Amino acid sequence: KTAELFALSCDLGAHMGGAATFERSALRAYGLALGVAYQVYDDCLDLFGSESQAGKSLGTDLVEGKLTLPVIVALERGEPTDRRAIERLIHDGEPGSLRDLRTLLSRYGALEESQRVIREYCQQARGSLKPLGPGPEQAGLLQAASFISNQAFALRDAAWSESD
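What counts, and where the lines are drawn
- Residues numbered from 1 in each chain as written.
- Predicted model: local features only at pLDDT ≥ 70, side-chain atom pairs only at ≥ 80, totals over all residues.
- Heavy atoms only, no water.
- Helix = DSSP H or I, 4+ residues; strand = E, 2+ residues; numbered from the N terminus.
- Contact = heavy atoms within 4.5 Å.
- Salt bridge = Lys/Arg side-chain N within 4 Å of Asp/Glu carboxyl O.
- Buried < 20%, exposed > 50% of the residue type's maximum accessible area, 1.4 Å probe, protein only.

*Asks:* Describe the side chain of Ser97, naming the residues involved and giving the relevant values.
*Replies:* By the element assignment, Ser97 lies in the loop between helix 6 (80-92) and helix 7 (98-107). Beyond its immediate chain neighbours, meaning those up to four positions away, Ser97 contacts Leu62 and Leu89.

Here it is in structure tokens:
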């Protein structure tokens, strides 16, 4: 849903600005890739961020029993006993289980894999702008992709400082 909202916003803005079909297509592709990157970042923030960094309570996806990319990565990579533990933590949805879940996710490199995916989608977003050619109007769009990527990699510091 998030990616489609980003894509629609970019496409609609281009349409309202009188952009050509190829420009709208490029901006829609940008929005879709950036939206996926942002959603994965938000999922990581919920699990690995600090409440001061997030500006909200953490672990809401856990409480709601949502399977997000970091959880899926750990489930795919995990040993059978750890997979069962992750499934139990997600199923029970206790807010106090966040630390235990974070430990299991860290064991299997879930944050690092999610950060790699975020970086990949941010690169894809930037690449989507190439058909538009160089121009100052792209600076903000390129900066948005860099910002999301940088924020995702800052999560490592937040996760490490809270686990100490």
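*Asks:* Please set out the pattern of salt bridges residue by residue, giving values where relevant.
*Replies:* Summed over all chains, the structure comprises 6 salt bridges. Close ionic contact of Arg77 with Glu113 constitutes a salt bridge, the shortest N to O distance being 3.3 Å. One end of the pair, Arg77, is in helix 5 (residues 69-77); the other, Glu113, is in helix 8 (residues 110-128), and 36 residues separate them in sequence. Its salt-bridge partner being Arg107, residue Asp82 comes within 3.0 Å of it at the nearest N-O pair. On the criterion of sequence distance, the pair formed by Asp82 in helix 6 and Arg107 in helix 7 is long-range, its members being 25 residues apart. With relative accessibility at 12%, the residue Asp82 sits in the buried group. Relative accessible area serves as the criterion here: at 49%, Arg107 is assigned to the partly exposed category. Several salt bridges converge on common partners, so that one network encompasses Arg77, Glu113, Arg116 and Glu120.

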